Every structure is written in C-alpha cells, then in structure tokens.
Amino acid sequence: DVWKDLGRMAFVVSFLLSCGTSKVLEGNIKVASKYASLGSYFEQHVEVDLLNTRAFPNFAKIKELYSADMHTLVSFLRKRIPCSCLDEKYKEVKSIPKIGLCCNPGCPLPGGMTERSLTMCCSRCRGANYCSRECQVAAWQGHRGECDFYADLKSKFESEQE
C-alpha cells in the first residue's frame, strides 16, 4: 500500500516538488502551486501517519499553497529541493510580500487574501489564520467544532510524545 510505505511516499513528494519546480521555472505559477500544495499534503501525511512527528495536517497551509503568490511558492519549493535552480528566482521574488489566506468565509478582503505577516493564527488549534480580530470573532461559531477537535488531537499527541 503506497499510503503506508515511507519510501514510496518520499518518491511521490519528491516527484510533486520536482514538477512544481519545473513549472515555476517555466513561469506557470498556477500549475506549480497545485503541485506544491499536493506535495505539502503528502509531506504532512508522512509526518502525521507514518513518522508520528505531527498531530494533524495544517490544511490552512496546504490551501494557502494552492493559491500561492510567487514568493511563498518559490520559498516553499526552494527549501525542499536538492538543487540550486530556484536561487535566481528567489532573488527576484524575495521582496514581494508573502500572501496568506483568512479562514473566515465571510472575509471582506478579495479572496480572503492579505499579507501573511499581518495574519493571526488561532492560538488554540494553530490550524486557522485570520486577517483581523473581527474576522476571527465572525468565524468562531463555524470554527469552534473544528478547533475543539484539533485542540484535542494536539493535546493527545503531545501527551503521547512525553
């Protein structure tokens, strides 16, 4: 079963990151971001289900990569590939602010996108980001059940790690 085989999963992640890198170099950021988000998903699957080094996947980060700006995308890929082929591209894009996604479905910002350095993370589950306190409060009713679930998972994971 591929899902449970660390070697095969490492190959899948490597393949996806390689494809994403190729698409960045071709200038196809839309397709590159899809490969990167899939690579991140499988990378986190390995950490959660095979290596037991993380409590749960960070779906907000996976979603963020799916619609990533060039700086976020190049930074993500560059940290994970063994070559230096993205170094020049990184120099080009490092001054572009990284974009984050607000997890409030009713966020007034276009596409819920804001500069990542301005986002706030849910302090309890660490799995949701918001552009403002107002968006966090507005989304709380919908996030509460998910937050409880992930906070419990995180607590159980941490107690098992001790």
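Parameters at a glance
Residues numbered from 1 in each chain as written. Predicted model: local features only at pLDDT ≥ 70, side-chain atom pairs only at ≥ 80, totals over all residues. Heavy atoms only, no water. Helix = DSSP H or I, 4+ residues; strand = E, 2+ residues; numbered from the N terminus. Buried < 20%, exposed > 50% of the residue type's maximum accessible area, 1.4 Å probe, protein only. Contact = heavy atoms within 4.5 Å. Disulfide = S-S within 2.5 Å. Polar contact = N/O pair within 3.5 Å; in protein donor to acceptor, adjacent residues only side chain to side chain. Phe/Tyr/Trp six-rings, centres within 6.5 Å; stacked < 30°, edge-to-face > 60°.

Undergrad: Outline the environment of Phe-157, supporting the account with residue identities and numerical values.
TA: Structurally, Phe-157 is set in helix α6 (residues 133–161). Overall, Phe-157 belongs to the buried group, its relative accessible area being 13%. Considered as a pair, Phe-157 and Phe-56 are 101 residues apart in the sequence and their alpha carbons are 9.0 Å apart. Contacts of Phe-157, omitting those with residues within four sequence positions, involve Asn-52, Thr-53, Arg-54 and Ala-55.

Undergrad: A description of the state of the cysteines should follow, citing residues and the corresponding values.
TA: One pass over the structure, following the stated rule, counts zero disulfides. Lacking any disulfide linkage, Cys-19 is separated from the closest cysteine sulfur, that of Cys-85, by 13 Å. The thiol of Cys-121 is unpaired, and the distance to the nearest cysteine sulfur, on Cys-122, comes to 6.6 Å. You can call Cys-121 partly exposed: its relative accessible area is 28%.

Undergrad: Now, about the side chain of Ser-75: what can you tell me, with residues and values included?
TA: Relative to the elements of secondary structure, Ser-75 occurs in helix α4 (residues 70–78). The exposure class of Ser-75 is buried, given its relative accessible area of 7%. At 2.9 Å, the side chain of Ser-75 and the backbone oxygen of His-71 are in polar contact. Beyond its immediate sequence surroundings of up to four residues, Ser-75 is in contact with Tyr-90 and Lys-98.

Undergrad: Provide a residue-level description of the packing of aromatic side chains, including the pertinent values.
TA: Applying the stated rule across the entire model yields five aromatic pairs. Here the aromatic rings of Tyr-41 and Phe-42 are separated by 5.3 Å at their centres, their planes lie at 75°, and the arrangement is edge-to-face. We classify Tyr-41 as partly exposed; its relative accessible area is 32%. On the accessibility criterion, Phe-42 (16% relative accessible area) is buried. Note on Phe-149 and Tyr-150: the rings are 5.2 Å apart at their centroids and 70° apart in plane angle, and the pair reads as edge-to-face.

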